[in-house]
Amino acid sequence: MAVKIEASWQALLKGEFEQPYFKDITTFIRKEMAAGKTVYPPGPLIFNAFNTTPVEKVKVVVLGQDPYIKPGQAMGLSFSVPKGVAVPPSLKNIYKELHTDLGCPIPNHGDLTKWAEQGVFLLNASLTVERGKSNSHAKSGWHRFTDAVIQHISNKKEGIVFMLWGNFAKKKAALIDPFKHLVLEAAHPSPLAGGAYFGSKHFSKANEYLATQGKETIDWCL
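Since the model is a prediction, treat every value here as computed from it, not as a measurement. (Residues numbered from 1 in each chain as written. Predicted model: local features only at pLDDT ≥ 70, side-chain atom pairs only at ≥ 80, totals over all residues. Heavy atoms only, no water.)

1. What about the overall build of the chain?
When you go through the chain residue by residue, the secondary structure sums to 9 helices and 6 strands. A compact globule built from 222 residues should have a C-alpha radius of gyration of about 17 Å, and the chain, at 17 Å, falls within 12% of that. Projecting the C-alpha coordinates of the chain onto the three principal axes gives extents of approximately 45 × 35 × 25 Å. Counting over 222 residues, the chain shows a buried share of 54%. (Helix = DSSP H or I, 4+ residues; strand = E, 2+ residues; numbered from the N terminus. Rg over C-alpha atoms; globule rule 2.2 N^0.38 Å. Buried < 20%, exposed > 50% of the residue type's maximum accessible area, 1.4 Å probe, protein only.)

2. Overview of helix H5 (residues 89–102)
Taking 1.5 Å as the rise per residue, H5 with 14 residues should run 20 Å; its terminal C-alpha atoms sit 20 Å apart, in good agreement. Within H5, the full set of buried residues consists of Ser90, Leu91, Asn93, Ile94, Tyr95, Glu97, Leu98 and Asp101. Packed against the buried residues of H5 are helix H6 (113–118), strand S5 (161–165) and helix H9 (202–212). Just downstream of H5 lies glycine 103, where phi reads positive at about 80°. (Expected span 1.5 Å × (residues − 1). Contact = heavy atoms within 4.5 Å.)

3. A closer look at the nonpolar core
Trp9, Phe50, Phe121, Phe145 and Trp220 are the most contacted members of the largest nonpolar core, which has 62 residues in total. Once residues lying within four places of it in the same chain are set aside, the contact partners of phenylalanine 50 are Ile5, Glu6, Trp9, Leu13, Phe121, Leu123, Leu127, Phe145 and Val149. (Core = buried A, V, L, I, M, F, W, Y, C linked by side-chain atoms within 4.5 Å.)

4. Structural notes on the state of the cysteines
Here the structure, examined in full by the defined rule, presents 1 disulfide. At a sulfur-sulfur separation of 2.0 Å, the disulfide partner of cysteine 104 is cysteine 221. Its S-S torsion of about -75° marks the bond between cysteine 104 and cysteine 221 as left-handed, since a negative value means left-handed. With cysteine 104 in the loop between H5 and H6 and cysteine 221 in the segment after H9, this pair connects stretches of sequence that are 117 residues apart. Cysteine 221 sits in the partly exposed class, given a relative accessible area of 25%. (Disulfide = S-S within 2.5 Å.)

5. Structural notes on the layout of surface pockets
The gaps of empty space that remain are located by a probe, the size of a water molecule, rolled over the atoms. Looking at the largest pocket, its volume works out to about 460 Å³. Lining the largest pocket are 23 residues, with Asp66, Pro67, Tyr68, Ser90 and His188 positioned closest to its centre. Here the residues of the lining of the largest pocket are counted per class, giving 10 nonpolar, 11 polar and 2 charged. (1 Å grid on protein atoms, 1.4 Å probe; cavity = no way out; pocket = protein on both sides within 12 Å on 5 of 7 lines; lining within 4 Å. Points joined across faces, edges and corners; volume = space filled by probe spheres on them. Nonpolar A, V, L, I, M, F, W, Y, C, P; charged D, E, K, R; others polar.)

6. Section: the packing of aromatic side chains
Within the structure shown, the criterion is met by 20 aromatic pairs. Summarising the aromatic geometry, the rings of phenylalanine 22 and tryptophan 142 are spaced 6.1 Å apart at their centres and angled 80° between planes, so their arrangement reads as edge-to-face. Here phenylalanine 22, found in helix H3 (residues 20–34), pairs with tryptophan 142, found in helix H7 (residues 138–156); they are 120 residues apart in sequence, far enough to count as distant. For phenylalanine 22, a relative accessible area of 3% puts it in the buried group. Members of the aromatic cluster, each reached through a chain of ring pairs, are Trp9, Phe17, Phe22, Phe47, Phe50, Phe121, Trp142 and Phe145. (Phe/Tyr/Trp six-rings, centres within 6.5 Å; stacked < 30°, edge-to-face > 60°.)

Printed below as a string of structure tokens:
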């Protein structure tokens, strides 16, 4: 798996790519594919979040757990699916909260590229997954890599909004300097959370904070 990643991330993460653990990730994925297993997202989209949102553009980080596991869904951006693919339940709930919080119309698609292009870094803790098996690549080394990514963002940048949804994401707060950044925590938007996500108002809170930092706010409406 050749790493094709945007130049600013390549420079920031050079030390990670040179670590033995990262070579182990690529070896693991090659073995999975050689064994006839389908890995999502497709190779060119594994680093889509990085390639769409360069380091200097990052304003908001939205952390997911791992890619979608059904054909055609995973596109390398957390919570996002390509246009023409049914909107997953968690994203439907995100849209409902967005409508309540900011009055945005409910989109008829699940493509969050517009967010990513404005500086919303849509990062999954695992960048790959086996078809049909959630969290199947969690122990491959990806978590070590993405933990390092979060720490690099925290250390190198200031005034970033981190949206941590659900218990898994909330554990990543330990990697973030709360004196330099805004950390927003909420229940996961999954229907399994019983609606506890609703009312979090993270989108308006993010924009209010970005404005205090002298940064352009995000147009969340899709």
